[in-house]
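Residue-level listing of the chains:
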Amino acid sequence: MVSFKINGVRRSFDGDPNMPILWYVRDELGLAGTKFGCGRALCGACTVHLNGSAVRACVTPIAAANEGEITTIEGLDPAGEHPVQRAWRQHNVPQCGYCQSGQIMQAAALLATTPKPSDTQISNAMQGNICRCGTYQRILAAVKTAASEV
Ligand code: FES
Ligand code: FES
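Predicted, not measured: the structure shown is a model, and the values here were computed from it.

S.K.: Please clarify how the domain arrangement of the chain should be interpreted in this entry.
M.R.: Per the domain assignment, the segments of the chain are domain 1 (2-74) and domain 2 (83-147). For domain 1 versus domain 2, the separation of C-alpha centres amounts to 20 Å. Taken together, the contact pairs 18 residues of domain 1 with twelve residues of domain 2. Together domain 1 and domain 2 conceal approximately 1,100 Å² of surface at their shared face, both sides included; 56% is due to carbon and sulfur atoms. Remark: the boundary between domain 1 and domain 2 carries zero salt bridges. Across the contact surface, domain 1 and domain 2 share eight residue pairs in polar contact (both at pLDDT 80 or more). When residues of the side of domain 1 that touches domain 2 are traced back to their parent elements, those giving at least two are β3 (47-50) and β4 (53-56). Per-element accounting of the side of domain 1 that touches domain 2 gives the leading share, three residues, to β3.

And the structure:
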């Protein structure tokens, strides 16, 4: 039995503890904001927070969340008003949108530990999040805008 909080709600799971968190949030809870991209920790589309850090949910077993706390894009801010989300709207960052919840979760984790990141720190933190639409310039601008608000 694995016990944890997800988006502020305490839950337990008595299935396979090796099941990736991504499967749990999408298939067990129906939270579809976290996306499946590569399934191999190579694209960042599945990024969620585990105990405040950005992790790839496609390769992180649910057992890793035992007695911990998971946050998905749905729980980042119930009203969608996290500074990163506001900045994303201001800069019209998404194109197709598929990678964007992962991008936002990665950026939010960065700003939680590094509120005023340099361009290099932003690039280093975001480099594992792939955007096939090439929205990287708007992502950089939005992270800088969000950093000015946190
Ligand atoms: S789906 Fe998890 S990193 Fe690509
Ligand atoms: S907005 Fe389309 S993959 Fe990033």
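Back to the write-up after that little detour.
S.K.: Before we go on, may I ask you to explain the pattern of salt bridges in this structure?
M.R.: Tallied over the full model, the rule gives three salt bridges. The residue R89 makes a salt bridge to E81 at a minimum N-O spacing of 3.2 Å. The partner of R86 in a salt bridge is E149, and the shortest N-O contact between them spans 2.6 Å. Taken as a pair, R86 in helix α3 (residues 83-90) and E149 in the segment after α6 (136-147) lie far apart in primary sequence, 63 residues in all. In this structure E149 comes out as partly exposed when scored by relative accessible area, which is 38%.

Reading the values: rules and limits
- Residues numbered from 1 in each chain as written.
- Chains lettered and ligands numbered in written order.
- Predicted model: local features only at pLDDT ≥ 70, side-chain atom pairs only at ≥ 80, totals over all residues.
- Heavy atoms only, no water.
- Domains from an automatic or database assignment.
- Contact = heavy atoms within 4.5 Å.
- Buried area = accessible area lost by both parts, 1.4 Å probe.
- Salt bridge = Lys/Arg side-chain N within 4 Å of Asp/Glu carboxyl O.
- Polar contact = N/O pair within 3.5 Å; in protein donor to acceptor, adjacent residues only side chain to side chain.
- Helix = DSSP H or I, 4+ residues; strand = E, 2+ residues; numbered from the N terminus.
- Buried < 20%, exposed > 50% of the residue type's maximum accessible area, 1.4 Å probe, protein only.

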